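Residue-level structural notes
Here's the letter readout for the chains.
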Amino acid sequence: GPISEALTKCLDMLRFVGVECQRQALSQLESAFRLSSGFASRAAVADAVTTLASIAPGAFSSSSSINNHNGHHHQQIGSNNPTVRLLRALYAASERERGPTARDKMAHALGSIAALAPGSSVRSLAIRACEKYNRSTGSNNDLAARKASASALRAIAIRAPSQFANGGNHDVWCTRVLPIAFLGQRDDDEKVAMLWREVWEEGGAATTSSNNNSSSDNNRFGILLAEKLLPYIVHEIIRALNDVSWERRKNACECILELSKSSILAPAPRRVTDRKTVTTNCSSSYCREDKELILRSRQRAKATSAVLTCAIRVLRRSHIWNGKDKLVKAIVSIVKHWISPLFHYCQDKHNVKDICEFVLGCEIMELEKSVLSPLSLSCVNWLPLSFTMEQSDDLFCGDKWFTSERIIDDDNVDNHDGSDQSSARGIEMGD
């Protein structure tokens, strides 16, 4: 209509005015969005904001930005910044709007602003969206909230991939967003699952490309993203398994199955080259590539142990819930990767070379006994399974679970503070 055409022409003229005028226009748009009472007004503001972001990105820098004594430019962060206020308002509107078209407009505008907003504000909104998604399952099932969370993060991943280059002090993209996206791909709603799949693919690609110049990432070339983020994915899987929501538990089981089928929750693959692990007799230190392989093997073993321990604790509860059969399949799929060498080790505990080669995923040349003994002890301790005739009645070492007549109730077991669960930091490589 004529009003829309007039508004479009006015917005196009903003590219020719000063930054202060552009900021004032943004402030008026933000105020109009918050005071609007109908969808038409909010949709018009969302479109206007998207246009303004493309023709006048300087408008989204705070008017109170200052230079410090070193000459570095600092942008104002908080409720006084109209960009931050508009970012939060768009996310809230994407939850409240009823129609899918309205929600898509809000998410699209949110992604455009996220590319220009302060990184800390975008990360804060991402954490809020992840927490909202986790709370909107089970008895608190809210499909609209789950879809809004996934849509917001998808918009950030696609329209503001540069935000993934900086995760802050806690690296929220790798530690929170992408692990939840990995689980979110198994959401019961196909639309939500597709949105999370795009977050995983686009966000993972942006995160990987931002780390291409680091030496640690170059040493891990060819490793799947799921394995690079394995400590944090496992931490999120354990949280989901311990959740009261059956849906979250089922999604966690499907993730375990995928990680097992991908041979990630398994011993590290053996090298395809003829190069063998060597050590120097003087220092008993491995070359850099061998250290990477050992750390990778340890991360896989510790992650498998953490997942398997939590899964069996959930399995032995007497309560039956929809999807518990998938938990059994997940446990079996993990065990089959690790059980084969245990029989050989139990038959010949002096043959430590085989157990080391199995866990480390490489052949070992002639090593001195002073080197092989502590190495083999570490490898055995890394194994997530234990097989001895003396402990045939134990589910966990020493519990005599198979001979106990106690009925384990879902409400009375595992009422602990979580201190026995391996944290993501404990599984992480190098710890």
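Residues numbered from 1 in each chain as written. Predicted model: local features only at pLDDT ≥ 70, side-chain atom pairs only at ≥ 80, totals over all residues. Heavy atoms only, no water.

For the rest of this paragraph, the subject is the state of the cysteines. Taken as a whole and judged by the stated rule, the model has zero disulfides. Considering cysteine sulfurs only, Cys253 is the nearest to Cys255, which forms no disulfide, with 9.2 Å between them. (Disulfide = S-S within 2.5 Å.)

Positioned with a positive phi, Asp171 is a non-glycine residue whose angle comes to about 50 degrees. Its relative accessible area of 30% is what places Asp171 among the partly exposed residues. Within the chain, Ser263 stands out as a residue other than glycine whose phi angle is a positive 60 degrees. Position of Ser263 relative to the elements: it lies in the loop between α13 (246–261) and α14 (288–315). (Buried < 20%, exposed > 50% of the residue type's maximum accessible area, 1.4 Å probe, protein only. Helix = DSSP H or I, 4+ residues; strand = E, 2+ residues; numbered from the N terminus.)

This part is about the packing of aromatic side chains. Throughout the structure, instances matching the rule amount to three aromatic pairs. Seen from their ring centres, Tyr133 and Trp196 are 5.0 Å apart, and the 70 degrees between their planes marks the pair as edge-to-face. Within this pair, whereas Tyr133 is found in helix α6 (residues 119–135), its partner Trp196 is found in helix α9 (residues 190–210), the two being separated by 63 residues in sequence. Like Tyr133, the residue Trp196 is buried in the burial classification. (Phe/Tyr/Trp six-rings, centres within 6.5 Å; stacked < 30°, edge-to-face > 60°.)

With that out of the way, let us pick up the environment of Gln24. Mapped onto the fold, Gln24 is located in helix α2 (residues 19–35). Along the primary structure Gln24 and Ala59 are separated by 35 residues, whereas in three dimensions their C-alpha atoms are 8.1 Å apart.

Right, let's talk about the environment of Ser260 for a bit. Relative to the assigned elements, Ser260 resides in helix α13. Under the relative-accessibility criterion, Ser260 is labelled buried at 1%. In this structure the C-alpha to C-alpha distance between Ser260 and Ser333, which are 73 residues apart in sequence, comes to 6.2 Å. Dropping the residues within four chain positions of it, Ser260 is found in contact with Ser333, Ile334 and His337. (Contact = heavy atoms within 4.5 Å.)

Throughout the structure, instances matching the rule amount to 16 salt bridges. Ionic pairing is found between Glu227 and Arg300, a salt bridge with its closest N-O pair at 2.9 Å. You can see Glu227 sitting in helix α11 (residues 225–228) and its partner Arg300 sitting in helix α14, a full 73 residues away along the chain. Just as Glu227 is buried, Arg300 falls in that class too. As a salt-bridge pair, Lys326 and Glu254 come within 2.6 Å of each other at their nearest N and O atoms. One end of the pair, Lys326, is in helix α15 (residues 324–338); the other, Glu254, is in helix α13, and 72 residues separate them in sequence. Judged by its relative accessible area of 25%, Lys326 is partly exposed. For Glu254, a relative accessible area of 21% corresponds to the partly exposed category. (Salt bridge = Lys/Arg side-chain N within 4 Å of Asp/Glu carboxyl O.)

Moving on: the nonpolar core. The biggest cluster of nonpolar side chains holds 88 residues, and the ones touching the most others in it are Leu153, Ile156, Trp196, Trp200, Ile237, Leu241 and Leu259. When near neighbours in sequence (up to four residues on either side) are disregarded, Ile156 contacts Leu110, Gly111, Ala114, Val122, Leu125, Pro161, Phe164 and Trp173. (Core = buried A, V, L, I, M, F, W, Y, C linked by side-chain atoms within 4.5 Å.)

This paragraph deals with the packing of helix α12 (residues 230–241) against α13. At a minimum axis separation of 8 Å, α12 and α13 run at an interaxial angle of 145 degrees. For the crossing formed where α12 meets α13, the hand is left-handed. Note on element contacts: α13 touches α12 through Arg248, Arg249, Ala252, Cys253, Cys255, Ile256 and Leu259, opposite Leu230, Ile233, Glu236, Ile237, Arg239, Ala240 and Leu241. The residue inventory of the contact of α12 with α13, partitioned by class, reads 10 nonpolar, no polar and four charged. (Axes fitted to C-alpha atoms, helices over the stretch in contact; angles between N-to-C directions. Left-handed = near helix turned anticlockwise from the far one by under 90°. Nonpolar A, V, L, I, M, F, W, Y, C, P; charged D, E, K, R; others polar.)

Structural remark: α-helix, 3.6 residues per turn; residues separated by three or four positions point the same way. The largest bend in helix α8 (residues 172–184) comes to about 25 degrees, at Leu178, with the proline Pro179 one to four residues further on. With respect to burial, α8 is a largely interior element, 12 of its 13 residues being buried. All of the buried residues along α8 are Val172, Trp173, Cys174, Thr175, Val177, Leu178, Pro179, Ile180, Ala181, Phe182, Leu183 and Gly184. (Bend = angle between axes of the 7 residues up to and from the residue.)

This brings us to the packing of helix α3 (residues 39–55) against helix α5 (residues 100–114). Across the interface, α3 lies against α5 with an axial gap of 9 Å and an inter-helix angle of 30 degrees. Our classification of the angle between α3 and α5 gives roughly parallel. Crossing of α3 against α5: the hand is left-handed. Between α3, through Phe39, Arg42, Ala43, Ala46, Asp47, Val49, Thr50 and Ala53, and α5, the contact on the second element is made entirely by Ala102, Lys105, Met106, His108, Ala109, Ser112 and Ile113. Residues belonging to the contact of α3 with α5 are distributed by class as follows: nine nonpolar, three polar and three charged. (Parallel < 35°, antiparallel > 145°, perpendicular 65-115°, else oblique.)

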